[in-house]
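Tertiary structure, described
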Amino acid sequence: MTPSASPDPRRSAWIPWAFACGMLAVVLANAVLIYAALATFPGVTVERAYERGRGYNQVLAEAARQDALGWRAELALGEDRRLTLLAFDRAGRPLEAQVASLLERPLEGTELPLAFAAAGPGRWVAAVPGEARAGQWDARLTLTGQAGERLELRRRIFLP
């Protein structure tokens, strides 16, 4: 190139367009991500989450009350889709109690009743309802003793 010759403006005319297209790609990607964030699951699984959070001291007091009972309970799912509940008092003796229970799908809010039947001292058995689809469920159980004391359990089970 000689000193008197001027550079060709057409050779570098694409450079500003490259920056504009790059910024446009960033803006479009951000727009897609913002839409996906706002249109999908909000993360709230319970109604009035703030108010429930403020009552956490009551949750702690209930947990302390149940710990003071000293009751232990174990829930197991068998191959035949039957739930077995074993419960013992503080001394390890089988518990005499009434059982109220249900299966709950954590995110859908589906609830199915469970009918536990006594199968021996401190042992109860319930068949999983046929309409319970495979996947994750919460078993919510309440054991009520003869003197009115109660133990509330929540166990996660996975149905095949």
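Because the structure is predicted, anything quoted here is derived from the model rather than measured.

Rules behind the numbers
Just so you know, the residues in each chain are numbered from 1, in the order the chain's sequence is written. It should be noted that, the model being predicted, local features are given only for residues of pLDDT at least 70 and side-chain atom pairs only at 80 or more, the latter also being counted only at that level, while totals for whole chains, interfaces and linings use all residues. Note that the side-chain values use all heavy atoms of the structure and ignore hydrogens as well as water. Only DSSP runs of H or I covering at least 4 residues are called helices, and only runs of E covering at least 2 are called strands; the numbering of each starts at the N terminus. One fewer than the residue count of a helix, multiplied by 1.5 Å, yields its expected span. Per-residue accessibility, obtained with a 1.4 Å probe over protein chains only, is compared with the maximum for each type, and a residue is labelled buried under 20%, exposed over 50%, and partly exposed between these values. Two distance rules govern patches: like charges are joined within 9 Å, and nonpolar side chains (Val, Leu, Ile, Met, Phe, Trp, Tyr) within 5 Å, applied only to residues with over 30% relative accessible area and no salt bridge. Only the protein chains shown count as cover for residues, and all accessible areas are computed by the Shrake-Rupley method using a 1.4 Å probe. Any Lys or Arg side-chain nitrogen located within 4 Å of an Asp or Glu carboxyl oxygen qualifies as a salt bridge.

Now for helix α3 (residues 56-69). Taking 1.5 Å as the rise per residue, α3 with 14 residues should run 20 Å; its terminal C-alpha atoms sit 20 Å apart, in good agreement. Of the residues one or two after α3, G70 is the one with positive phi, at around 80°.

All right, on to unusual backbone geometry then. For R81, which is not a glycine, the phi torsion comes out positive at approximately 60°. Mapped onto the elements, R81 comes out in the loop between β1 (72-77) and β2 (82-88). Look at R81 and you get partly exposed, because its relative accessible area is 23%.

On to a nonpolar patch on the surface, then. Residues W14, I15 and F19 make up a contiguous nonpolar surface patch of about 380 Å² in total accessible area. Summarising the element assignment, F19 is placed in helix α1 (residues 14-39). We classify F19 as exposed; its relative accessible area is 63%.

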